[in-house]
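Letter by letter, the chains look like this.
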Amino acid sequence: MTGTRIKLCGLTRPEDIEAVNEWQPDYIGFVFARKSRRYVTGERAAELKKALHPGIRAVGVFVREEPEIVAGLLNEGIIDLAQLHGGEDEEYIRRLRSLTDRPLIKAFRMEETPMEEIRDSTADLVLLDSGSGGTGSVFDWNLLQKVERPYFLAGGLSLENISEAVRRWKPFGVDVSSGIETEGVKDREKIKQFVCTVRSAEGKEEIR
């Protein structure tokens, strides 16, 4: 059985790509929301994607972006999946699916969202977060008991709490951004430690 998938989000620099290539998470994330301090342009993401190990899938994170722009980045291969982080509704998902057949991840703010909305979402995967993303805050994990489908767990994950999250909740995947940063910049050592800690929590050996 495949273990917990690892997604490292908010990469912006060639050094970030070098670090993830070494430690091999399942996914990385490029943030296309202009208000984010981790924002990258499509051109920048394309450059970084060229250097990314082919076994790592790139996710584009969007906040109420025009579907045509999202689909363009997907269809051009700059990203492999799109993550919708702006409360996009089912009509938006339908429009996007008419433009691309690539997988979609829908993010939900756990403490604001009815469980049936998460259950019934037509997105391929769901991501459960504490807020708008990248805030470094944790929601009440007891809410996870009511979730009826596989999910990415996000929101305030760090080296201090990731083992508990993996062992107790066994999520489909974990998503981290600020938890692998030092002074707002991705930290190579924290990336290593985070990936190894997830694998150790599952009883897997560390790999290089």
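Our subject is the structure listed above.
This one's a predicted model, so the numbers in the text were calculated from it and none came from an experiment. (Residues numbered from 1 in each chain as written. Predicted model: local features only at pLDDT ≥ 70, side-chain atom pairs only at ≥ 80, totals over all residues. Heavy atoms only, no water.)

A. Molecular detail of the sheet that holds strand S7 (residues 151-153). Spatially, 8 strands are ordered S1-S2-S3-S4-S5-S6-S7-S8 in a closed barrel, and the strand pairing comes out parallel. Strand-to-strand twist of the sheet, defined as the mean angle between neighbouring strand axes without regard to direction, takes the value 25°. Examined bridge by bridge, strand S3 (residues 57-62) and strand S4 (residues 81-84) share 4 bridges and lie parallel to one another. If you follow Phe-62 over to S4, its bridge partner there is Leu-84. Seen against the sheet, helix H3 (residues 67-75) touches S3, S4 and strand S5 (104-109) and runs at an angle of roughly 150° to S4. Its contacts with the sheet put helix H7 (residues 188-201) on strand S1 (5-9) and strand S8 (173-176), and the angle it makes with S1 is roughly 160°. (Pairing = 2+ DSSP bridges. Helix = DSSP H or I, 4+ residues; strand = E, 2+ residues; numbered from the N terminus. Axes fitted to C-alpha atoms, helices over the stretch in contact; angles between N-to-C directions. Contact = heavy atoms within 4.5 Å.)

B. View of the packing of aromatic side chains. Inspection of the entire model under this criterion finds 3 aromatic pairs. Ring centres of Tyr-27 and Phe-152 lie 5.5 Å apart, and the angle between their planes is 80°; on these two criteria the pair is classed as edge-to-face. In this pair, Tyr-27 is assigned in strand S2 (residues 27-31) and Phe-152 in strand S7, connecting sequence segments 125 residues apart. Judged on exposure class, the residue Tyr-27 and its partner Phe-152 are both buried. (Phe/Tyr/Trp six-rings, centres within 6.5 Å; stacked < 30°, edge-to-face > 60°. Buried < 20%, exposed > 50% of the residue type's maximum accessible area, 1.4 Å probe, protein only.)

C. Molecular detail of the packing of helix H1 (residues 14-23) against helix H2 (residues 42-51). At a minimum axis separation of 9 Å, H1 and H2 run at an interaxial angle of 30°. Between H1 and H2, the angle falls in the class roughly parallel. Judged by the twist between their axes, the crossing of H1 over H2 is right-handed. The segment H1 lies against H2, with Pro-14, Ile-17 and Asn-21 engaging Arg-44, Leu-48 and Ala-51. Residue composition of the contact of H1 with H2, by class: 4 nonpolar, 1 polar and 1 charged. (Parallel < 35°, antiparallel > 145°, perpendicular 65-115°, else oblique. Left-handed = near helix turned anticlockwise from the far one by under 90°. Nonpolar A, V, L, I, M, F, W, Y, C, P; charged D, E, K, R; others polar.)

D. Representation of the packing of helix H6 (residues 162-169) against H7. Running from amino to carboxyl end, H6 crosses H7 at an angle of 30°, the nearest separation of the two axes being 9 Å. Considering how the two elements wind past one another, H6 and H7 form a crossing that is right-handed. Here Ile-162, Ser-163, Val-166 and Arg-167 of H6 lie close against H7, whose contacting residues are Phe-194, Thr-197, Val-198, Ser-200 and Ala-201. Class assignment of the residues belonging to the contact of H6 with H7 gives a composition of 5 nonpolar, 3 polar and 1 charged.

E. Looking closely at the environment of Val-31. Secondary-structure assignment places Val-31 in strand S2. Considering only alpha carbons, one finds Val-31 and Leu-128, 97 residues apart in sequence, at a separation of 17 Å.

F. Quick peek at the nonpolar core. Core analysis: the biggest nonpolar cluster contains 55 residues, and Leu-8, Phe-30, Leu-128, Leu-144, Leu-157 and Phe-194 have the highest contact counts within it. A per-element tally of this core places H7 first, with 6 residues. Excluding its chain neighbours within four sequence positions, the residues that come into contact with Leu-144 are Met-110, Leu-128, Phe-139, Tyr-151, Leu-153 and Trp-169. Counting residues in each nonpolar core, the second largest holds 10 residues, with Val-59, Leu-81, Ile-105 and Phe-172 among its members. (Core = buried A, V, L, I, M, F, W, Y, C linked by side-chain atoms within 4.5 Å.)

G. Spatial organisation of H3. If you check which residues of H3 are buried, you get Pro-67, Val-70, Ala-71, Leu-73 and Leu-74. End-on view of H3: buried residues confined to an arc of 160°, all on one side of the axis. Where H3 is buried, its residues meet H2, S3, S4, helix H4 (90-97) and S5. Phi turns positive one or two residues past the end of H3, at Gly-77, with a value near 80°. (Arc of directions from axis to C-beta.)

H. Representation of the side chain of Thr-113. Residue position: Thr-113 is located in the loop between S5 and helix H5 (115-120). With a relative accessible area of 14%, Thr-113 lands in the buried category. From its side chain, Thr-113 meets the backbone oxygen of Arg-109 in a polar contact 2.7 Å long. The contact partners of Thr-113, leaving out residues within four places of it in the chain, are Phe-108 and Ile-118. (Polar contact = N/O pair within 3.5 Å; in protein donor to acceptor, adjacent residues only side chain to side chain.)

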